[in-house]
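Chain by chain, the residues run as shown.
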Amino acid sequence: MAKLPRKRLGEILQAVLAVLEEHPDGLQARRVIQEVEHRLPPTPFEQSEYPSTPGVRRFDQIVRFTTIAPVKAGWLVKSKGQWILTDEGREAGKRFHDPLELAREASRLYQTWRRSQPEDPATSLEDTSSPASATSALEAAEETAWLEVEQYLQGMNPYEFQELVAALLRAMGYHIAWVSPPGPDQGLDILAYTDPLGAVGPRIKVQVKRRTDKVNVDGLRAFMALLGAQDVGIFIATGGFTSEAQREVRSQENRRISLIDLQRFFDLWVEHYSKVQEDDQQRLPLKAVQFLAPREY
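This section reports on the structure supplied with the text. (Residues numbered from 1 in each chain as written. Predicted model: local features only at pLDDT ≥ 70, side-chain atom pairs only at ≥ 80, totals over all residues. Heavy atoms only, no water.)

Some words on the environment of asparagine 157
Quick reminder of the rule: Helix and strand labels come from DSSP, where a helix needs a run of H or I of at least four residues and a strand needs a run of E of at least two; each type is numbered from the N terminus. For every residue, the accessible area (1.4 Å probe, protein chains only) is compared with the maximum for its type, and the residue is labelled buried under 20%, exposed over 50%, or partly exposed between those bounds.
For asparagine 157, the location among the structural elements is in the loop between helix H8 (132-154) and helix H9 (158-171). For asparagine 157, a relative accessible area of 36% translates into the label partly exposed. C-alpha of asparagine 157 to C-alpha of leucine 284: the two residues are 127 residues apart in sequence and 13 Å apart in space.

What follows is the structure, encoded as C-alpha cells:
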C-alpha cells in the first residue's frame, strides 16, 4: 500500500487551512482542492490515477482524506461539500508553522477521538489506499449531488421557486392562503395559516429571495416591518444571510422569525418529500441512491 510522508500530509493540510482562512464563510471542496494545487503543485505520484478507478486522480482524494483528522479534531466542518474553518482550526494554523508538527497534532487529536469510539479499526491516515479513502469518495459523490441540486434551484425562475416554497409549506401541514402573482409584491410572497380558515394560530408571512448574494440586515429589517405582533415571519433566501442579519434575528424578543438558506430549505424538502403532493414533487424531483456507508475512521 502506498503511503505519503507525514510531512507531505502536513504541507497539504497547511495549505487547506490557509485557503479556508481566506474564506470565512467556507468554500466548496473542489475550489479548496484547486487552490491547494495552485499553492502546492502535486508530485508525479499524486498526479497519477488509482489503478482500480481510472479517471480518479490521487491528489484530489489525498486532499479530501487528509482532512478526516482535522474534522475529528474540530478544526473543520463539512456540509454538502462546503468546508468551513472553525476557530480551533484557525488557531491551529497560526500555532503550528512546521507542517510536520501540524500533521502530528492532527494525528494526535484524531487518535484521541478514535480511542473514544466503540470500535478501534487499525487504519492509517497516511495510507492513500486505506479504507479512509472510501470516506473521501463518498464525500465527493455527495458534493457532486449537492452541486447539481444547488445549480438547479439557483437557476429556477423566481416565481417557480416561490411555488416550490409553497409546496413545501403545504407538505409541512400549513394552509396556503395566498401566493404573490408576478409583479410587485411589497415584500410579501406567501401568506399561510395553521388551519384552513386562519381562525386559529398565528398568521405566517413568508418572503422568498432567489438570488446568489446574502440578505443583509437592511433587507431583513424591511421584512420585519411587515410583521404584526401576532405574525410569524419566515424569510427564505437561496444566497443565505449575513452574520449581522442573523444576529438581528437572535436579538428579537417580540418577533418570531425563521431564516432559511438554500441548504436548510433542501433539507426540509427531503424530510417532507413523502408528503409533498405528487404534482408538486415534479418541481424538485429526487431519487435516492444507496451507497455502502463507510465506517468512521
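What follows continues from the structure just given.
Observations regarding the packing of aromatic side chains
Our working rule: Any Phe, Tyr or Trp ring, taking Trp's six-membered ring, that has another such ring centre within 6.5 Å forms a pair; planes under 30 degrees apart are called stacked, those over 60 apart edge-to-face, and the others tilted. Only lysine NZ and arginine CZ atoms are considered, and such an atom sits over a ring when it is within 6 Å of the ring centre and within 35 degrees of the ring normal.
In total, this model carries seven aromatic pairs according to the counting rule given. Judged by centre distance (5.3 Å) and plane angle (55 degrees), the rings of phenylalanine 161 and phenylalanine 265 are tilted. Here phenylalanine 161 is found in helix H9, whereas its partner phenylalanine 265 is found in helix H12 (residues 262-271), with 104 residues between them in sequence. Residues phenylalanine 161 and phenylalanine 265 agree in their burial class; the two are buried. A centroid spacing of 6.4 Å and a plane angle of 25 degrees characterise the contact between phenylalanine 265 and tryptophan 269, whose relative ring orientation is stacked. One end of the pair, phenylalanine 265, and the other, tryptophan 269, are both in helix H12, four residues apart, so they sit about a helical turn from each other. Residue phenylalanine 265 is classed as buried on the basis of its relative accessible area, which comes to 1%. For tryptophan 269, a relative accessible area of 0% corresponds to the buried category. Taking the ring centre of tyrosine 50 as reference, the NZ or CZ of arginine 58 above it sits at 4.8 Å. Against the face of tryptophan 146 rests lysine 80, its NZ or CZ located 5.6 Å from the ring centre.

Regarding the pattern of salt bridges
Heads up, the rule is: Salt bridges are defined as contacts in which a side-chain nitrogen from Lys or Arg sits within 4 Å of a carboxyl oxygen from Asp or Glu.
Taken as a whole and assessed by the stated rule, the structure comprises 18 salt bridges. Linking arginine 108 and glutamate 105 is a salt bridge whose minimum nitrogen-to-oxygen distance equals 2.8 Å. With arginine 108 and glutamate 105 both in helix H7 (residues 99-115) and three residues apart, this pair spans about one turn of that helix. One salt-bridge network, held together by shared partners, links Arg8, Glu11 and Glu46.

Considering the sheet that holds strand S1 (residues 27-28)
As a reminder, the rule being used: Strands are treated as partners if at least two bridges between them are detected by DSSP.
Here three strands make up an open sheet; going across it, the order is S1-S5-S4 and the pairing antiparallel. The sheet is open, and its two edges are formed by S1 and strand S4 (76-79), each paired on a single side. Judged from the two bridges that link them, S1 and strand S5 (residues 82-85) form a sheet pairing that is antiparallel. By the bridge assignment for S5, glutamine 28 is matched with glutamine 82.

Structural notes on helix H4 (residues 58-66)
Within H4, eight of the nine residues are buried, which leaves the element mostly enclosed by the surrounding structure. Regarding H4, the residues found buried are Arg58, Phe59, Gln61, Ile62, Val63, Arg64, Phe65 and Thr66.

Some words on the pairing of strand S7 (residues 190-193)
Burial along S7 is two-sided: Ile190 and Ala192 and Leu191 and Tyr193, pointing in opposite directions, are all buried. The pairing of strand S6 (residues 175-179) with S7 spans four bridges and is antiparallel. Bridge pairing in S7 places tryptophan 178 opposite leucine 191.

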